[in-house]
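The lines below spell out each chain.
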Amino acid sequence: MRRLTGTMTCRATRTRLRTMVAAAMCAAAASAMPAHAQVAVRAETVYTMAGAPLKDAVVLIGSGGKIERVGPAAQVTVPGNYRTLQAKVATPGLIDAHSVVGLAGYLNQPHDQMQLDLSAAIQPELRAIDAYNARDVLVDWLRTHGVTTLHTGHAPGALISGQTMIVKTRGDEVADNVIVPTAAVACTLGSAGLAQQGKSPGNRSKAIAMLRAELLKAKEYVAKSAGPADKRPERDLRQDALGKVLAREWPLLVTANRSTDILAALRVAKEFDVRIILDGAAESYLLVDQIKAAGIPVIVHPTMWRPNGDSENLSMETAATLRKAGIPVALQSGYETYVPKTRVVLWEAAIAAARGLTFEQALATVTIDAAKILGIDKRVGSLEAGKDGDVALFDGDPFEYSSHVTAVVIDGRIVGEGARD
Amino acid sequence: MSDHRFTLAPRQLAAAAGLGLFAIAAPAAGQTRAQAFINARIIPVSGAPIEKGTLIVKGGQIVAVGAAVQVPADAERHDLAGKTIMPGLVDTHSHIGGGSGGDASAPIQPDVRILDSFDARSSSVRRAQAGGVTTVNVMPGSGHLLSGQTLYLKARRGNTIDDLTITLPDGRLAGGIKMANGTNSIRAAGGPFPGTRSKSAALVREQFLKAQQYRDKVRKAGDDAATLPPRDLAMEALVDVLEGRRTVHFHTHRHDDIVTVIRLSQEFGFKPVLQHVSEAWKVADEIAKAGLPCSIILVDAPGGKLETMDIDFKNGAALEKAGVLTGFHTDDSITDSRFFLRAGGLAVRAGMSRDKALYALTMAGARMLGLESRVGSLEAGKDADFIVLSGDPLSVYTRVEQTWVDGARVFDLSNPDDKLYAVGGYGAARGEMLHTEIDEERE
């Protein structure tokens, strides 16, 4: 199965490469480049996301793939052995705070759709790393639009559908580029999390009852596992995973769009003292006080998401509303089941910028604020000395349709050059 | 061809004319006074932009547009300094209104009309207005070889479908026919639907042959009621296609499917609009040679279905280069009507010229719907369909601030009720049907 996936995707990749104008550099070519070239990015404007934007500035990335220095060109000397990339605008490599790319493949055929297994309602033991296809065409697609870090994994669509992971959008295999093998356990409340054909959960209350029962079971398992050796239970992958959630090691990524579902999520989080990240959260603007009081961050649905079903009341201003209230907010490309098979988080942020967020606030939803919510801000999300050398280069305002990503640097490696449509 | 059988029965004619009168009279009635829109940057599409232009509207029509236009003394003035005015957008392929087409009984159902299921009160109509769409081709889905009759609508404020329709000079309601090839209309063996592309083409050819035979019988019968074949609603619609009274909007993605549409259209002498045309860039010269227009869609990533693996933002540029009349569509809800202007921005990103992109959003669509004498550009005598923008039409930061149809404002961003539909919020899409319910993900 795994091999079949690889074969099919490679063929698709070749077709696209043959036919596309600009250089969508495939992952294989990227890894063939010299490791950790020393790179300098010089741009007319550098949005470091760690302070005010810098005019005519340089980002120096050393041979270890880490940023050495960021500052005005007048103050930073670029060593002679560094390759310099020029751009109008440079930003931190973009972070897509929630995607299914790499699991939900480009072809949308059964053999490349690994984001959901519906044999059971609760499967926290399903790991994203066991299904992530680093060579999927859509990984290339996102990278060539500036996305360097991807929070991806099991999709909304089951009460607990599995784990998510955080990965850089380069490399041939998951091991080449994974940052956080398990980032969260994906939980879906509301109609998308219900089972079909008479199976449970058949409604919202049943879903919460099942979730609570499972967490209670895991609590007992954890307690017994810490007890006397002869009383310890057999190892159970499902309980292991939920144990990590109960230990607050892994958050629950709770997809909930209706206000009732968001409230249910807050209730469960409080009862079991688990960490949650709200996802989607179409009606979160109705519950600003409760979400803020609970100290919960929100990865808001794509700004251009279609309003229907549980999300019919979504607003393009939600990111702005939550941010204004002091709630940490990131944007995402989300889960698309058809055409287009993925969104591009850059463009979702662009629309948010025209709907209540300033340019820099919108950029933060796909850089530093996303990194903070995902707990990876020590490595990515801003251009600062010591952080990963991840940079997106643009030939104009990053949000404008007329602008292009002209190069992408990940961990100091130039993984794509040449304007991309 | 003056056979009434193929236009409308007298009673239908009377009904349609009545509706038409109502539709035209309604907006005009309240506007005997002229309205003047002054100081805006006006992009007429039919000519060069006017930096500080004036647009005069009266009785639902454009009276004058230009730099040195006299504002009538009694006109209501709208000072739009800093704003941009352009023609209302023409969306050549949409599924707003929650209507339906053919059912699962047959792959070809020309008798089925979107007219009979369109909900004029759907929030999707409000969202289209918020996106600046003023004329829209509302279609049934693509899960059939022929899923039914489409309607060209004005995005007027209305209670019923009759308030939105466009009546042609001969009394008919403006609309086309939706056809499709490729995988959407191919279904599992055993039913009436085709199992392969060749079978799809054969079924279509068979029906068009039948339609030719039906037409010939009617022609031969003339006024002789005794030999006139019984009325056949499906055949009447197909004869409309053969006679050029009804345009086929042909959903097609792959290069070989596109060429199949060209082949069928040449065999039966109809001129379809190629819809979606994801791989148009592979056969742009063939399309140009056949003289067929293309209505394309720009989606944020390729893939999602095998036929759209190679969809590319450069489609617009490639078709422009080949000299093909090119328009855009939303395929709402595949893309949301509120972001229709994005299509132009994304096409320009990939090399289409600005002028052609603006033309594609307006006049090209008007031509594809045969409505170019009424909509698509800002010219005296045309319908007063226009939008007021906060800035450049192709900038992501630009908002649609006002939408006017037939001289009546149908959307105003400064009105909280209208804004709800522009940005969303509680109740903005209440009860909106899932796209999948329209046609089981077969767009």
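Keep in mind that what you see is a predicted model, and the values were worked out from it rather than measured.

S.K.: A description of the environment of Ala-371 of chain A should follow, citing residues and the corresponding values.
M.R.: Residues and elements named next belong to chain A. Assignment of secondary structure puts Ala-371 in helix α12 (residues 368-374). The exposure class of Ala-371 is buried, given its relative accessible area of 0%. In this structure the C-alpha to C-alpha distance between Ala-371 and Val-58, which are 313 residues apart in sequence, comes to 22 Å. Apart from residues lying up to four places away in sequence, Ala-371 is in contact with Ile-95, Ile-376, Asp-377, Val-380 and Gly-381.

S.K.: An account of the packing of helix α5 (residues 204-225) of chain A against helix α7 (residues 259-272) of chain A is requested, with residue identities and associated values reported.
M.R.: Residues and elements named next belong to chain A. Where α5 meets α7, the axes come as close as 11 Å, and the angle between the chain directions of the two elements is 20°. As summarised for this structure, α5 and α7 are arranged roughly parallel, according to the angle between their axes. The handedness of the crossing between α5 and α7 is right-handed. Contacts between α5 and α7 involve Arg-204, Ile-208, Leu-211, Arg-212, Leu-215 and Leu-216 from the first element and Thr-260, Asp-261, Ala-264, Val-268, Glu-271 and Phe-272 from the second. Residue composition of the contact of α5 with α7, by class: 7 nonpolar, 1 polar and 4 charged.

S.K.: Quick one: what's the story with the environment of Lys-356 of chain B, residue by residue and with numbers?
M.R.: All names here are of chain B. With respect to the helices and strands, the residue Lys-356 is situated in helix α9 (residues 354-361). Assessed through its relative accessible area of 40%, Lys-356 is described here as partly exposed. It is 24 Å that separates the C-alpha atoms of Lys-356 and Gly-82, two residues lying 274 residues apart in sequence.

S.K.: Residue-level account of the pairing of strand β6 (residues 89-94) of chain B, with values.
M.R.: Residues and elements named next belong to chain B. Most of β6 sits out of view: 6 of its 6 residues are buried. The sheet contact formed by β6 and strand β7 (residues 133-138) spans 4 bridges and is parallel. Note on β7: the bridge partner recorded for Val-90 is Thr-135. In terms of handedness, the path from β6 via helix α2 (residues 123-130) over to β7 forms a crossover that is right-handed.

S.K.: Tell me about the environment of Val-133 of chain B, and name the residues and values.
M.R.: All names here are of chain B. As for its placement among the helices and strands, Val-133 is situated in strand β7. By relative accessible area, Val-133 is classed as buried at 1%. Along the backbone, Val-133 and Ala-226 are 93 residues apart, and their C-alpha atoms lie at a distance of 48 Å. Val-133 has contacts with Leu-89, Asp-91, Ala-128, Ala-155, Ser-337, Phe-340 and Thr-403, leaving out every residue within four places of it along the chain.

What counts and how
- Residues numbered from 1 in each chain as written.
- Chains lettered and ligands numbered in written order.
- Predicted model: local features only at pLDDT ≥ 70, side-chain atom pairs only at ≥ 80, totals over all residues.
- Heavy atoms only, no water.
- Helix = DSSP H or I, 4+ residues; strand = E, 2+ residues; numbered from the N terminus.
- Buried < 20%, exposed > 50% of the residue type's maximum accessible area, 1.4 Å probe, protein only.
- Contact = heavy atoms within 4.5 Å.
- Axes fitted to C-alpha atoms, helices over the stretch in contact; angles between N-to-C directions.
- Parallel < 35°, antiparallel > 145°, perpendicular 65-115°, else oblique.
- Left-handed = near helix turned anticlockwise from the far one by under 90°.
- Nonpolar A, V, L, I, M, F, W, Y, C, P; charged D, E, K, R; others polar.
- Pairing = 2+ DSSP bridges.
- Right-handed = clockwise from strand over helix to strand, strands pointing away.

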